[in-house]
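Observations on chain architecture
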Amino acid sequence: MPSLTVPCVLMRAGTSRGPFFLREWLPEGDAARDEALIGAIGASDLLQVDGVGGGSTLTSKVAIVSKSAEPGCDVDYLFAQVGVGDKSVDTRPNCGNMLSGVAPFAIEQGLVKAQPGQTRVRVFNVNTRSRIDVTVQTPGGRVAYEGSTGIDGVAGTAAPIQLDFLDAWGAVTGSVFPTGRRIDTLLGIEVTCIDAAMPLVIVRAADLGLSGRESPAELDANRELLARLESLRLAAGEAMGLGDVRGSVVPKPVIVSAGDDEHGITSRYFTPRRCHASHAVTGAIGVSAAFALPGTVASGSTFVQGERRVAVLHPQGRIDVVVAIEGQGEHAAIRRAALVRTARKILQGELHIPDYVFSKPINEGDRPMNPAKKLAAPLLAAALAAAAPMALAAYPSKTITIVVPTAAGGGNDAMARTIAQKLGPILGQTIIIDNRAGANGSIASEFVARSAADGHTLMFGYIATHSMNPALQKLRYDPVADFEPVGLVGYSPTLMVATANVPVKDVKDLVAQLKAKPDKFTYASAGNGTAPHFAAELFKLNAGVVMLGVPYKGSAPAVSDTIGGQTQFMFPSLFTALPHVKSGKLKALAIAGPKRTPLLPEVPTLKEAGVDGVDVQQWYGFFAPAKTPKAVIEQLNKALNQVLNDKEIIQRIEGHGADVETSTPEQLGALVKSELVKWKTVVQKAKLTAD
């Protein structure tokens, strides 16, 4: 196979360097795209001599840019971290340094029109599904790289590029403090687990026997320290709801110590198994947020409400971050963070990617198309279609996306990721998880329903998306007509839980207190039309009490606030709640189902506790868009059932409180129809509304 030649712009962005591509310049399909990136960087060896990499994670980065379809956004930015000495591509984290080159690149490639003086570009980061405003100097309507702004870790000066992070708070886990606490004790050490632009686990240097001013070389040479940090990182991953993070680069470990004054903090940022030579931008935002907010291991000596400048001191200097804080004490929250970076275009031209990096020949249709050929392509396609019948393409032919309708870190997300780890190798393709929380599952459902019916976009649906929410309100998707059922995954009973220190003995005591003082307590739900919402409303109806509900965008933030005490009660699935019950963060009061669970044998059913009629058994299953070929559905069902018969998968899922159960596509379809009828009856009886 001949080598692949693609356009490329090599840029220094912040303290990182790497090639920038328009998405259309790279091969179609995520697998071929990733192989092209491995060849571009030269990831196959540690020195990366056969590519444009520099033998470091800081110079093995790639930015892929395209016109955005997200409302209010100008361009999409997909960041890829390419391996050093291993053929890997990780598109899970964001990179704020490479982000600083996205807007100049987009303007010069004609995706955004330059304005006189300055141009603001709203960037949608695909990795974390967050928005960033990037302001570039464009005197005379052209990008200016020259200027007098210097950043530590880069020689010389350049034009300033301002990055304003708008909604990166809890973007990965669904909550800024995903454990529900600002300080946790993991493996005997106090840490702060924070998700602000990047999931981090922050630990004080003194608690590790360090000064915090050690050089990266000193820290990297301390093998005992690195092993300890990795153990903390793995424990933090579980505590933050990210599951087993051994194969992930998040959360990132950070060691902090005092800064030079009350406005600064010293940080050593790990990537995650080596100390960063300077500091990641996203990491600096997370550290400055932890510094500015009270009650963390990194909190500053003084609290300032409103905007303040925080100096994050790193091995090569400092990064100044402006953070905006609202509220006081435990209610203080970060609203905005901004900082200045610079970028420089190093070269622009054609990049030749060797053939040996590709696992199979790239079809002509997968190759980047020469612009001159684009006009003729539709005519050629029409002629080919008329000349011969369409052949059924082999499935799967590209990366498969599983859309999860809830935030990362919740029970649905954990279950989907557990299954995907085994399903991908069986199908012979990479599988990525796309969390599209919001509108009680409607956003994800609509997206999948409108996706191509080729089996490469699937949905991890559940009782809320395919029965409860459609029973509650009219939606822009039909849970029956717009989907092809693939197969059932299993069931999980609903558990009534309370924050650990709530002044309530049991269900009987709760009912008595609510009857004496209605609305004394509040309950959290994963959104109106979800199982936690229905279960709570059924409890209120059958117990004859009043309790205010607070809807969240998914179970992860709802559980987090219940742990933190902002709400006092919740009805999550046992799968979601069990780890927090075992750790003592939540108190289990009752099972909202027909029988007790052997995982919590001492916890009664609500009927046993005196409240009958609350039976909410949550179920989960995979769905594809309607009209997906039957052969593809059968292949997916067979592969899914193979995964669900794996003893390791059964143990992992059932260990969290869900019962694995497989089905045919037809059986799952029948379940959806019967559940719709059931919950429409409940809606009418309980007089539930979507408001």
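Above this text is the structure in question.
All of these numbers come straight from a predicted model, not from anything done at the bench.

For Arg204, the position within the fold is in strand β11 (residues 199-204). By relative accessible area, which is 25% here, Arg204 ends up partly exposed. Distance from Arg204 to His533, taken between C-alpha atoms, is 40 Å for residues 329 residues apart in sequence. Excluding residues within four positions of it along the chain, Arg204 makes contact with Ile183, Glu190, Val256 and Val297. Separated by 3.0 Å, the side chains of Arg204 and Glu190 make a polar contact.

Glancing now at unusual backbone geometry. Across the junction of Thr271 and Pro272, the peptide omega takes the value 5°, indicating a cis bond. Here Pro272 shows up in the loop between β13 (264-269) and α6 (281-292). Cis rather than trans, the peptide bond between Tyr395 and Pro396 has omega equal to -5°. Checked against the element boundaries, Pro396 lands in the loop between α8 (377-387) and β18 (400-404). Of note, the phi angle at Arg129 is positive, near 55°, even though the residue is not glycine. Mapped onto the fold, Arg129 is located in the loop between β6 (117-125) and β7 (130-138).

This next bit is on the sheet that holds strand β23 (residues 522-525). Ordered by their spatial adjacency, five strands build an open sheet running β24-β23-β25-β22-β26, and the pairing between neighbours is mixed. Of all the strands in the sheet, just β24 (548-551) and β26 (586-591) have a single pairing partner and so form its edges. Alignment of β23 against β24, held across four bridges, turns out to be parallel. Following the sheet pairing, Ala524 is matched in β24 by Val550. Taken strand by strand, helix α13 (residues 531-543) contacts β22 (495-499), β23 and β25 (569-570), and its axis lies near 150° from that of β23.

As a further point, take empty space enclosed by the protein. Inspection of the entire model under this criterion finds three cavities of 30 Å³ or more. In this structure, the largest cavity encloses a volume near 90 Å³. If you trace the largest cavity, you find it lined by Thr406, Asn412, Tyr462, Ala526, Pro532, Ser555, Pro572, Ser573, Thr576, Gln618 and Tyr620. Of the residues that constitute the lining of the largest cavity, the class distribution is five nonpolar, six polar and no charged.

A few words on the pairing of strand β3 (residues 61-67). The buried fraction of β3 amounts to five of the seven residues, a majority that puts the element mostly inside the structure. Pairing analysis gives three bridges linking strand β2 (residues 16-22) to β3, with the strands arranged parallel. Paired with Leu22 across the bridge in β3 is Val65. A crossover connection joins β2 to the parallel β3 through helix α1 (residues 30-41); in handedness this β-α-β unit is right-handed.

On to the nonpolar core. Residues Phe21 and Phe165 are the most contacted members of the largest nonpolar core, which totals 91 residues. At eight residues, the largest contribution of residues to this core is made by α6. Ignoring any residue separated from it by four or fewer positions in sequence, one finds Phe21 in contact with Val6, Pro7, Cys8, Leu26, Leu37, Ala40, Val62, Ala63, Ile64, Val65, Phe105 and Leu351. Tyr395, Ile400, Phe539 and Leu668 belong to the second largest nonpolar core, which has 86 residues in total.

Rules of the game
Residues numbered from 1 in each chain as written. Predicted model: local features only at pLDDT ≥ 70, side-chain atom pairs only at ≥ 80, totals over all residues. Heavy atoms only, no water. Helix = DSSP H or I, 4+ residues; strand = E, 2+ residues; numbered from the N terminus. Buried < 20%, exposed > 50% of the residue type's maximum accessible area, 1.4 Å probe, protein only. Contact = heavy atoms within 4.5 Å. Polar contact = N/O pair within 3.5 Å; in protein donor to acceptor, adjacent residues only side chain to side chain. Pairing = 2+ DSSP bridges. Axes fitted to C-alpha atoms, helices over the stretch in contact; angles between N-to-C directions. 1 Å grid on protein atoms, 1.4 Å probe; cavity = no way out; pocket = protein on both sides within 12 Å on 5 of 7 lines; lining within 4 Å. Points joined across faces, edges and corners; volume = space filled by probe spheres on them. Nonpolar A, V, L, I, M, F, W, Y, C, P; charged D, E, K, R; others polar. Right-handed = clockwise from strand over helix to strand, strands pointing away. Core = buried A, V, L, I, M, F, W, Y, C linked by side-chain atoms within 4.5 Å.

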